[in-house]
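So the chains spell out like this:
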Amino acid sequence: VVGNSVECSTTSPITCKYTIKNNDTKSIKVTFEKSKGAITDKESGFEQEIKNDTTTFSIKVTSSDGNKSNTYNFEITKKNLATDSTLKSLTLNGKEITLKADTPKYQTNVSFTTKKLEVKAIPNDEKAKVLDFKDNISSFDFYDNKKEIKIKVQAEDGSLSTYVLTVNKRDE
């Protein structure tokens, strides 16, 4: 597998397993080194199509004298990574902010006397994470009249959504 080594069992039947963590992988290039004089039923550098969640194929290696052969059975598992980088809920100082689909910007007002903001952001998918937040919570000092808070949610596959919460102090 390009750029990666595959560990194989040392007992017969020889089984080699590898997991791909990339939703877009359609094929892999298989390269290998064979012992001097060994004969294989496939040439090094062949492309193997990845069709399903698990793709299997074999490479038969025969000694140069033809007396001994081994078959290497490969099992390539494609782990589809979660792509959801949206928020399930967003709260500011304990008050829930109503989220709308495909809306990355929100605005709310707080009391003029508010000095601290606590933002809790919960991703829709349990495998996603809110970047720069500890346990999905972050606190901010709030001494100006307006604060813009960026909330970045990263899906398991690395895709990113950025939400912007603008907080204004209202006149009392």
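Look above for the structure.
Residues numbered from 1 in each chain as written. Predicted model: local features only at pLDDT ≥ 70, side-chain atom pairs only at ≥ 80, totals over all residues. Heavy atoms only, no water.

Chemist: It is not clear to me how the side chain of T166 should be interpreted in this structure. Could you clarify?
Modeler: Tracing the backbone shows T166 in strand β14 (residues 160-169). Note on T166: relative accessible area 10%, which makes it buried. With near-sequence residues (within four places) excluded, T166 lies in contact with Y106, Q107, T108, K146, K147 and E148. (Helix = DSSP H or I, 4+ residues; strand = E, 2+ residues; numbered from the N terminus. Buried < 20%, exposed > 50% of the residue type's maximum accessible area, 1.4 Å probe, protein only. Contact = heavy atoms within 4.5 Å.)

Chemist: Hey, could you run me through the sheet that holds strand β1 (residues 14-20) in this one?
Modeler: The strands making up a sheet are joined through hydrogen bonds of the backbone, oriented either antiparallel or parallel. With mixed pairing, the four strands of this open sheet are ordered in space as β1-β6-β5-β3. Every other strand in the sheet has two partners, leaving β1 and β3 (39-40) as the edge strands with one partner each. Pairing of β3 with strand β5 (residues 54-62), which is carried by two bridges, proceeds in the antiparallel orientation. Within the sheet, the bridge partner assigned to T40 lies in β5 and is V61. (Pairing = 2+ DSSP bridges.)

Chemist: Explain the pairing of β14 to me, please; I cannot follow it from the model alone.
Modeler: Put simply, side chains in a regular strand alternate between the two faces of the sheet. When you tally the buried positions in β14, you get eight out of 10 residues, the bulk of the element. Pairing of strand β13 (residues 146-154) with β14 involves nine bridges; the strand directions are antiparallel. Counterpart to E148 in the pairing with β14 is T166.

Chemist: Explanation requested: the pattern of salt bridges in the structure shown.
Modeler: Two side chains bearing opposite charge may form a pair once their charged atoms approach each other closely. Considering all chains together, one arrives at two salt bridges under this definition. One salt bridge connects E156 with K79, and the closest N-O pair in it is separated by 3.1 Å. Residue E156 is found in the loop between β13 and β14, and its partner K79 is found in the loop between β6 (69-78) and β7 (87-92); the two are separated by 77 residues along the sequence. As a salt-bridge pair, K116 and D141 come within 2.8 Å of each other at their nearest N and O atoms. Taken as a pair, K116 in strand β10 (residues 116-123) and D141 in strand β12 (residues 137-141) lie far apart in primary sequence, 25 residues in all. (Salt bridge = Lys/Arg side-chain N within 4 Å of Asp/Glu carboxyl O.)

Chemist: What am I meant to see in the state of the cysteines here?
Modeler: Where two cysteines share a covalent bond between their sulfur atoms, that bond is called a disulfide. Summed over all chains, the structure comprises one disulfide. Paired through a disulfide, C8 and C16 show a sulfur-sulfur distance of 2.0 Å. Judged by the torsion about the S-S bond (110°), the C8/C16 disulfide is right-handed. Note on C8: relative accessible area 30%, which makes it partly exposed. Classification of C16 by relative accessible area gives buried; the value is 0%. (Disulfide = S-S within 2.5 Å.)

Structural measurements only, silent on function.
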